[in-house]
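What follows is each chain in one-letter form.
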Amino acid sequence: MGYKVAVVGATGNVGREMLNILDERKFPADEVVALASRKSVGQECSYGDKTLKVKALDHYDFSDVDICLMSAGGTVSKEWSPKIAAQGAVVIDNSSAWRMDPDVPLIVPEVNAHALEGFAKKNIIANPNCSTAQLVVALKPLHDKAKIKRVVVATYQSVSGAGKEAMDELFSQTKSVFTLDEVTTKKFPKRIAFNVIPQIDVFMEDGYTKEEWKMMMETKKILDPKIKLTATCVRVPVFVGHSEAVNIEFENPISDEEAREILRSAPGCLVIDKREPGGYATPYEAAGEDATYISRIRTDPTVEHGIEMWVVSDNLRKGAALNTIQIAESLINRKLLQAKKKAA
Ligand code: 2RA
């Protein structure tokens, strides 16, 4: 017997990608339902060769749903995840609402699938922020080898991380530049076309942004609370794919050759690292793919044991939808989730 899966926020960038990936990976679902807020009811979403009509979240009975994939933002998740979980569906949430809750596991399956064991406390599992997910996939195998002390990361994040309207804004601003029309800004604090913006999410009291804080705190929760991390998160005019320049300081020796070999065989990682023009990954190649691409691996000679590298991934996939579905797959593979008996 297969599972009944609900996708909440099915009309958004990540929700649509979730439906694609469920189909691509032949997720063992007998039934998939697309849910969203009332204003999206009746819209259509593709799931393989089927078309799903969107239903309203607030009228839905979750009592026979096994897995609920949530991508409807923090406010909706705060209200709805506990209600859905109380009806016996395990909620895998893509928002930041539950990530730091000590009773909610924050999971990247290649890194800490073992932490899933605690999910039953709230019946909610959190998916990390996109920029954290790809980072920890690349850090974990190196941490196992040489123990990471400190990470300094600068991100180059695509506009799709900020949703569909943000993608539309990059498109329309770019068009306006060419047609000499006025460039109007709504979603971003400054113009994004032909520009970069050193702010993602709101400012915190200490001058970091919330996105930077999330990278710091989530890396500690997923990988190791002893790792010190500082980040500068930047929005760039790219539609899909986040890039990161990552500087890592280790406790123990590790050469760039060793790091490259370790990453070559690490789960979820794909090393593209020829030291020649174009011998590295860019978001253009990563978009639509599952892997976390790692390039420009080199020794940082300014510290005792340091490695510098470039990490790129599709933020809508590994950074969101794919990771969510991999979490569901891990629950099933670890026999932590049985399909409910459905009424005939
Ligand atoms: C962004 N990290 O790129 C966010 C999305 N979760 O804006």
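Criteria and thresholds
- Numbering of residues starts from 1 in each chain and follows the order in which that chain's sequence is written.
- Residue-level local features of this predicted model are given only where pLDDT is at least 70; pairs of side-chain atoms are given and counted only at 80 or more, and the full residue set underlies all totals for whole chains, interfaces and linings.
- Working rule for contacts: place C-beta from the backbone, and if it is within 6 Å of a molecule or strand, that residue counts as near it.
- Note that Gly is not counted as nonpolar here; it falls among the polar residues with everything else outside the nonpolar set of Ala, Val, Leu, Ile, Met, Phe, Trp, Tyr, Cys and Pro and the charged set of Asp, Glu, Lys and Arg.
- Domain segmentation is taken from an automatic or database assignment of domains.
- Note on contacts: each residue gets a C-beta atom placed from the backbone, and two residues are in contact if those atoms are within 7 Å.
- Only DSSP runs of H or I reaching four residues or more are called helices, and only runs of E reaching two or more are called strands; each is numbered from the N terminus.
- Whether two strands pair depends on DSSP finding at least two bridges between them.
- The span expected for a helix works out to 1.5 Å for each residue beyond the first.
- With C-beta atoms placed from the backbone, a residue counts as buried when 20 or more other C-beta atoms lie within 10 Å of its own, as exposed when 12 or fewer do, and as partly exposed for counts between those limits.
- This arc is taken over the directions from the axis of the helix to the C-beta atoms.
- UniProt positions are given in the numbering used here, feature names are shortened, and annotations may be inferred rather than shown by experiment.
- A fitted line through C-alpha atoms represents every axis, and for helices the fit uses only the stretch in contact; the resulting angles, taken between N-to-C directions, go from 0 to 180 degrees.
- The scheme is simple: roughly parallel for angles under 35 degrees, roughly antiparallel for over 145, roughly perpendicular for 65 to 115, oblique for anything else.
- Two helices cross in a left-handed way if the nearer one is turned anticlockwise from the farther one by less than a right angle. They cross in a right-handed way if the turn is clockwise.

Thoughts on the site of the ligand
- Residues in contact with the ligand, as listed here, are N129, C130, S131, Q157, G161, A162, I200, E211 and N315.
- Here the residues of the shell around the ligand sort into three nonpolar, five polar and one charged.

What about the domain arrangement of the protein chain?
- When cut into domains, the protein chain gives domain 1 (3-127 + 321-333) and domain 2 (131-158 + 196-313).
- Taking the mean C-alpha position of each, domain 1 and domain 2 sit 27 Å from one another.
- With ten residues of domain 1 at the interface, the matching set in domain 2 holds 13 residues.
- When residues of the side of domain 1 that touches domain 2 are traced back to their parent elements, those giving at least two are α3 (109-112) and α9 (317-333).
- If one sorts the elements of the side of domain 1 that touches domain 2 by residue count, α3 sits on top with three residues.
- Grouping the constituent residues of the side of domain 1 that touches domain 2 by class yields five nonpolar, three polar and two charged.

Concerning the environment of V5
- Its location among the elements puts V5 in strand β1 (residues 3-8).
- In this structure, the C-alpha to C-alpha distance between V5 and T219, residues 214 residues apart in sequence, is 29 Å.
- In contact with V5, other than residues within four places in its own chain, are L22, A29, V32, D66, I67 and L69.

Topic: the sheet that holds strand β5 (residues 55-56)
- Ordered in space as β5-β2-β1-β6-β7-β8, the six strands form an open sheet in which the pairing is parallel. This sheet does not close on itself; its edge strands, each paired only once, are β5 and β8 (124-126).
- By the bridge criterion, two bridges tie strand β2 (residues 29-36) to β5 in an arrangement that is parallel. Looking at β5, one finds that A36 is bridged to A56.

Let's talk about helix α5 (residues 164-179)
- With 16 residues, α5 should cover 22 Å at 1.5 Å per step; its first-to-last C-alpha distance of 23 Å lies within 8% of that length.
- Buried residues of α5: A166, E169, L170 and Q173, and no others. For α5, the buried positions fall inside an angular range of 100° around the axis, keeping them on one side. Those residues of α5 that are exposed and angled more than 90 degrees off the buried face are K175, F178 and T179.
- Following α5 by one or two positions, L180 has its phi on the positive side, about 60°.

Brief notes about the UniProt feature "domain: Semialdehyde dehydrogenase NAD-binding" (unreviewed entry) in the protein chain
- Sites flagged by UniProt as "domain: Semialdehyde dehydrogenase NAD-binding" (unreviewed entry) map to residues 4-119.
- Helix makes up 25% of residues 4-119 and strand 27%, whereas the separation of the span's terminal C-alpha atoms amounts to 19 Å.

Topic: unusual backbone geometry
- Of note, K26 is a non-glycine position whose phi angle comes to about 50°, a positive value.
- Among the secondary structure elements, K26 is positioned in the loop between α1 (13-24) and β2.
- One non-glycine residue, R296, lies in positive phi territory at about 55°.
- Within the secondary structure, R296 sits in strand β13 (residues 292-299).

A closer look at the packing of α1 against α9
- Between α1 and α9, whose axes approach to 9 Å, the crossing angle comes to 50°. With respect to each other, α1 and α9 are oriented oblique. The interaxial crossing formed by α1 with α9 has right-handed handedness. Residues V14, E17, M18, I21 and L22 of α1 form the contact with α9, whose participating residues are R317, A320, A321, L322, T324 and I325.
- Among the residues making up the contact of α1 with α9, the classes are represented as eight nonpolar, one polar and two charged.

Describing the sheet that holds strand β9 (residues 148-157)
- One open sheet accounts for six strands, arranged β10-β9-β11-β14-β13-β12; its pairing is mixed. Each end of this open sheet is capped by a strand with a single partner; those strands are β10 (228-235) and β12 (269-271). Across this sheet, the average inter-strand angle for adjacent strands is 25°, counted without regard to direction.
- Summarising the sheet, strand β11 (residues 242-250) and strand β14 (residues 306-313) pair through eight bridges and their orientation is antiparallel. Its bridge partner lying in β14, I248 is registered against I307.
- Against the sheet, helix α7 (residues 256-264) touches β12, β13 and β14, its axis set at about 165° to β13.

Let's talk about the UniProt feature "binding site: NADP(+)" (unreviewed entry) in the protein chain
- Listed under "binding site: NADP(+)" (unreviewed entry) in the UniProt record, and renumbered for this structure, are T11, G12, N13, V14, K39, S40, S160, G161 and N315. These residues run over 305 residues, and the two farthest C-alpha atoms among them are 26.1 Å apart, placing them at more than one spot.
- Residue placement: T11 occurs in the loop between β1 and α1.
- Every residue in contact with T11, bar those within four places of it in the chain, is listed here: A36, S40, Q43, C45 and V54.
- Locating V14 in the fold gives a position in helix α1.
- Here V14 falls in the buried class, since 28 other C-beta atoms lie within 10 Å of it.
- Discounting residues that sit within four places of it in the chain, V14 has contacts with G9, S71, N94, L316, A320 and A321.

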